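The lines below spell out each chain.
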Amino acid sequence: MRKPDGKIVLLGDMNVGKTSLLQRYMERRFPDTVSTVGGAFYLKQWRSYNISIWDTAGREQFHGLGSMYCRGAAAVILTYDVNHPQSLVELEDRFLGLTDTANTDCLFAIVGNKVDLVEDRAAESQEKEGHGPGTAGGGGGGSPEVPRQVRPEDAVALYKKILKYKMLDEKEVPAAEQMCFETSAKTGYNVDLLFETLFDMVVPVILRQRAQGPPQTVDISSCKTPRRTRSGCCA
Ligand SMILES: Nc1nc2c(ncn2[C@@H]2O[C@H](COP(=O)(O)OP(=O)(O)OP(=O)(O)O)[C@@H](O)[C@H]2O)c(=O)[nH]1
Ligand SMILES: [Mg+2]
């Protein structure tokens, strides 16, 4: 098997749908998933390039592994659940720091998944209309019964914060509107668009990396071994 030419890593809180997104894209289905342990990867051939796509565990106890998976990454997909604002907050607080090991010219995509639930809830609330007062905490006439939990602008704001954190010039990287997606692994909405937009963007990064020298590999000896807790789990 040929060595991958480039690497894309999915990061984000547990349950946001990272594994489901990857399975939807690679296997064209939406199977039941179990919470990921450690990490796993798929290889995708895109044009003449082999791209590895890494699925990581969002659970806190595997957090220490995240920066190892990001080492040398050409792109990172920061995933949140559009119905859980905290999952967007976590991207900044808990996951962004893990990307310090990625390439200096690493691309960042911000992906709000489970957008089908927003539509479902909106439809439900429309059905209820005219059947008496709403149940979703008032606000008075005119305001939607089920407010959208995370707005696309919130993801764009995070993208801009990332550029600041990475000290990147907005003019030299893809625009926020190009890199913020809303997806549904359940219906497949925007899933091909997400991955294939990134593949196309990653190819020039691969070419630049090649021109700069040998690709970075994971040097396991340089990674700190996770401390063992009394229960034997990774801390
Ligand atoms: N409605 C809906 N449910 C989804 C979607 N994507 C994932 N899910 C469900 O959300 C749950 C978690 O999905 P996973 O893909 O396992 O989440 P994960 O981010 O990989 O979680 P960890 O591996 O624990 O980090 C599962 O029950 C999925 O079926 C989506 O787009 N829409
Ligand atoms: Mg998973």
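The coordinates are above.
If you're wondering where the values come from, they're calculated on a predicted model, not measured in any experiment.

A short note on the site of ligand 1
Moving on, step 1. If you check the shell around ligand 1, you find 21 residues, and the closest are Lys-18, Ser-20, Thr-33, Ser-35 and Asp-116.
Moving on, step 2. Contact distances for ligand 1 include 3.3 Å between an oxygen atom and a backbone N or O atom of Lys-186.
Moving on, step 3. For ligand 1, the protein covers 87% of the area, taking 650 Å² as the surface of the free molecule.
Moving on, step 4. Broken down by element, the shell around ligand 1 gets its largest block of residues, three residues, from helix H1 (residues 18–27).
Moving on, step 5. A per-class count over the shell around ligand 1 returns six nonpolar, ten polar and five charged.

A look at the coordination of the magnesium ion (ligand 2)
Moving on, step 1. Here the magnesium ion (ligand 2) is held by the protein donor atoms Thr-19 (OG1) and Thr-36 (OG1), which lie 2.0 to 2.1 Å from it. Highlighted residues: Thr-19 in helix H1 and Thr-36 in the loop between H1 and strand E2 (39–46), separated in sequence by 17 residues. The residues Thr-19 and Thr-36 share a single accessibility class, namely buried.

Quick look at the packing of aromatic side chains
Moving on, step 1. All told, the structure shown has six aromatic pairs when counted by the stated rule.
Moving on, step 2. Where Trp-54 meets Tyr-69, the ring centres are 5.3 Å apart and the plane angle is 35 degrees; that geometry is what we call tilted. Residue Trp-54 is located in strand E3 (residues 49–56), and its partner Tyr-69 is located in helix H2 (residues 66–70); the two are separated by 15 residues in the primary sequence.
Moving on, step 3. Aromatic ring contacts, followed pair by pair, group Tyr-25, Trp-46, Phe-195 and Phe-199 into a single cluster.
Moving on, step 4. Stacked on the ring of Trp-54, the Lys or Arg Lys-7 has its end atom at 5.9 Å from the ring centre.

Quick look at helix H5 (residues 152–165)
Moving on, step 1. Over its 14 residues, H5 runs 20 Å from end to end, which matches the ideal 20 Å to within 8%, given 1.5 Å per residue.
Moving on, step 2. All of the buried residues in H5 are Ala-155, Val-156, Leu-158, Tyr-159, Ile-162 and Leu-163. Down the axis of H5, the smallest arc covering the buried residues is 160 degrees, so these residues share one side.
Moving on, step 3. Met-167 sits one or two positions beyond H5 and adopts a positive phi of about 55 degrees.

Thoughts on H1
Moving on, step 1. Of all ten residues in H1, eight are buried, a share of seventy percent or more.
Moving on, step 2. Along H1, the residues classified as buried are Lys-18, Thr-19, Ser-20, Leu-21, Leu-22, Gln-23, Arg-24 and Tyr-25.
Moving on, step 3. The elements touched by buried residues of H1 are strand E1 (6–12), E2, E3, strand E4 (75–81), strand E5 (107–113) and helix H7 (191–212).
Moving on, step 4. Just downstream of H1, Arg-28 is the residue with a positive phi angle, here 60 degrees.

Observations regarding the pattern of salt bridges
Where side chains of opposite charge bring their charged atoms close, a pairing between them can arise.
Moving on, step 1. The full count for this structure, using the stated rule, is twelve salt bridges.
Moving on, step 2. A salt bridge links Glu-92 to Lys-161; the shortest N-O distance between them is 3.1 Å. Of this pair, Glu-92 sits in helix H3 (residues 85–95) while Lys-161 sits in helix H5, placing them 69 residues apart in sequence.

Here we look at unusual backbone geometry
Moving on, step 1. Phi is positive for Arg-47, which is not a glycine, with a value near 55 degrees.
Moving on, step 2. Relative to the assigned elements, Arg-47 resides in the loop between E2 and E3.
Moving on, step 3. When its relative accessible area of 57% is taken as the criterion, Arg-47 is described as exposed.
Moving on, step 4. Despite not being glycine, Asn-190 shows a phi value in the positive range, around 65 degrees.

A closer look at the nonpolar core
Moving on, step 1. With 58 residues, the main nonpolar core has Ile-8, Ile-110 and Phe-195 as its most contacted residues.
Moving on, step 2. A per-element tally of this core places H7 first, with ten residues.
Moving on, step 3. Once residues lying within four places of it in the same chain are set aside, the contact partners of Phe-195 are Leu-21, Leu-22, Tyr-25, Ile-53 and Ile-77.

What counts and what doesn't
Residues numbered from 1 in each chain as written. Chains lettered and ligands numbered in written order. Predicted model: local features only at pLDDT ≥ 70, side-chain atom pairs only at ≥ 80, totals over all residues. Heavy atoms only, no water. Near = heavy atom within 4 Å. Polar contact = N/O pair within 3.5 Å; in protein donor to acceptor, adjacent residues only side chain to side chain. Areas by Shrake-Rupley, 256 points an atom, 1.4 Å probe, with all protein chains shown as cover. Helix = DSSP H or I, 4+ residues; strand = E, 2+ residues; numbered from the N terminus. Nonpolar A, V, L, I, M, F, W, Y, C, P; charged D, E, K, R; others polar. Donors = N, O, S within 2.8 Å, 3.2 Å for Na, K, Ca; no water. Buried < 20%, exposed > 50% of the residue type's maximum accessible area, 1.4 Å probe, protein only. Phe/Tyr/Trp six-rings, centres within 6.5 Å; stacked < 30°, edge-to-face > 60°. Lys NZ or Arg CZ within 6 Å of the ring centre and 35° of its normal. Expected span 1.5 Å × (residues − 1). Arc of directions from axis to C-beta. Contact = heavy atoms within 4.5 Å. Salt bridge = Lys/Arg side-chain N within 4 Å of Asp/Glu carboxyl O. Core = buried A, V, L, I, M, F, W, Y, C linked by side-chain atoms within 4.5 Å.

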